[in-house]
Amino acid sequence: MAVTLEEIRRLLPEVREELLSKPNVIGTGVGYKVAEGRQTEELAIICSVETKKARKDLTNRELVPPSIQSVRTDVYPTGMIYALQDPTKRFRPAPGGVSIGHYLITAGTLGCLVERGEKTYILSNNHVLANSNDASIGDPILQPGPHDGGTHPLDHIANLSEFVPIEFEGGDSACPVGQGIAAILNGLAKITGSKTRVRLVRKALAANLVDCAIAEPLDPRDVKNEILHIGSVSEITEGTLGMSVKKSGRTTGFTEGKIDQIDVTVRVSYGPERVATFADQLVAGAMSQGGDSGSAVVSSDDKLVGLLFAGSSNTTVINRIQNVFQALQVTLP
């Protein structure tokens, strides 16, 4: 016998407290039951859970019953539900996922906190914290970034500690000193009648592995070992083909996707005549936009997978976190 919407709405207050007392249940409501991935027309009591656990891992008392007083139930995995916050605002303490940047750039994303020795650092991209190689160690880092209203000294949260230089294509061929020396030597050869000429040869650059940097907070109490809308991460893991991932970023906030490609070599533009080749990258779908650079990319079970640094309208490019940690000699707190 079909149950009406009004009958379910009258029943729900009577059973809500019991359902919310079950492990992992974070919400109850009225909706349509889903079967085989498709929404049906059957009304049901919906229980939202952080993660959908296997039946064998729950006792009979902990299970959501398949029906209550002839009303069907259904379980929706929603993840933890957070109060939404604008990641472009000023945060103290500042978690991962919020606006940050070198004082001379626009804005990027604070990835997460890392450690080296006994010190805690902010992790993000070179082009976010070190202005694409153009910064100096000790430069001020602002939260929020300058584009989001961050000013110095009011929003000065950290100082640049270290960055891995990005090797850009064509750097050696434009060296004015080398060109000048070559011109002088060739001129002398011409005067003396020698047919020998000096020709500049640009050595092929090795592909980059990472776009990363760290900054030391002025006060450790100004940062928070969590990622906005995700929570804390306690270990790293290998990014694998088809893996479900998520991130929290300054521009698009919390988004999810999956790794579509591994072992990727890709040329990335950093502006006019600044192109760099990166190898051993991970590629996901459309889960980021400009300003999300520096976001920590996390697996569905909250393990750190990579550092987002580039993308297009339908692609997101991610440094493997193992390469980032090796380059900077850092670990998770």
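Fair warning: this is a prediction, and the values are worked out from it, not measured in the lab. (Residues numbered from 1 in each chain as written. Predicted model: local features only at pLDDT ≥ 70, side-chain atom pairs only at ≥ 80, totals over all residues. Heavy atoms only, no water.)

### Some points on the overall build of the protein chain
Each helix and strand counted, the protein chain has four helices and 19 strands in total. The buried share of the protein chain, reckoned over its 333 residues, is 44%. Pairs at least 24 residues apart make up 66% of the contacts formed inside the protein chain by residues separated by at least 6 positions. Of the roughly 17700 Å² of accessible surface on the protein chain, a fraction of 51% belongs to carbon and sulfur atoms. (Helix = DSSP H or I, 4+ residues; strand = E, 2+ residues; numbered from the N terminus. Buried < 20%, exposed > 50% of the residue type's maximum accessible area, 1.4 Å probe, protein only. Contact = heavy atoms within 4.5 Å. Areas by Shrake-Rupley, 256 points an atom, 1.4 Å probe, with all protein chains shown as cover.)

### Observations concerning the confidence of the model for the protein chain
Summing up the model confidence of the protein chain, the mean pLDDT is 89 and the portion of residues at 70 or higher is 88%. Counting interchain partners and residues more than four positions distant, the pLDDT-below-50 stretch residues 195–203 has 15 contacts. (pLDDT = per-residue confidence, 0-100.)

### Details of the environment of phenylalanine 325
By secondary structure assignment, the location of phenylalanine 325 is in helix 4 (residues 321–328). Along the backbone, phenylalanine 325 and cysteine 212 are 113 residues apart, and their C-alpha atoms lie at a distance of 9.4 Å. Setting aside residues no more than four positions away along its own chain, phenylalanine 325 makes contact with Val114, Leu123, Ile236, Leu304, Val330, Thr331 and Leu332.

### With respect to the packing of aromatic side chains
Under the definition given, this model contains three aromatic pairs. Between the aromatic rings of phenylalanine 278 and phenylalanine 309, the centroid separation amounts to 4.6 Å while the plane-to-plane angle is 50 degrees, which identifies the pairing as tilted. Taken together, the residues phenylalanine 278 in strand 16 (residues 275–284) and phenylalanine 309 in strand 18 (residues 304–311) connect sequence positions 31 residues apart. With a relative accessible area of 0%, phenylalanine 278 lands in the buried category. Classification of phenylalanine 309 by relative accessible area gives buried; the value is 3%. (Phe/Tyr/Trp six-rings, centres within 6.5 Å; stacked < 30°, edge-to-face > 60°.)

### Points about the sheet that holds strand 16
The strands that make up a sheet pair up through hydrogen bonds in the backbone, lying either parallel or antiparallel. Pairing in this closed barrel of six strands is antiparallel, and the strands run 14-15-16-19-18-17 around the ring. Neighbour-to-neighbour, the strand axes of this sheet turn through a mean angle of 55 degrees, independent of strand direction. For strand 15 (residues 253–269) and strand 16, the ladder comprises seven bridges, and the chain directions are antiparallel. In the strand pairing of strand 16, valine 268 is matched with alanine 276. (Pairing = 2+ DSSP bridges. Axes fitted to C-alpha atoms, helices over the stretch in contact; angles between N-to-C directions.)

### Some thoughts on the pairing of strand 15
Looking along a regular strand, one sees the side chains alternate between the two faces of the sheet. Note: strand 14 (residues 244–249) against strand 15, six bridges, orientation antiparallel. Across the sheet, the residue bridging to lysine 246 is glutamate 256, located in strand 15. Linkage of strand 14 to strand 15, two consecutive antiparallel strands, is achieved through a turn of three residues. Counting the residues in the hairpin turn of strand 15 and strand 16 gives five residues, including glycine 271, whose phi is positive at 120 degrees.

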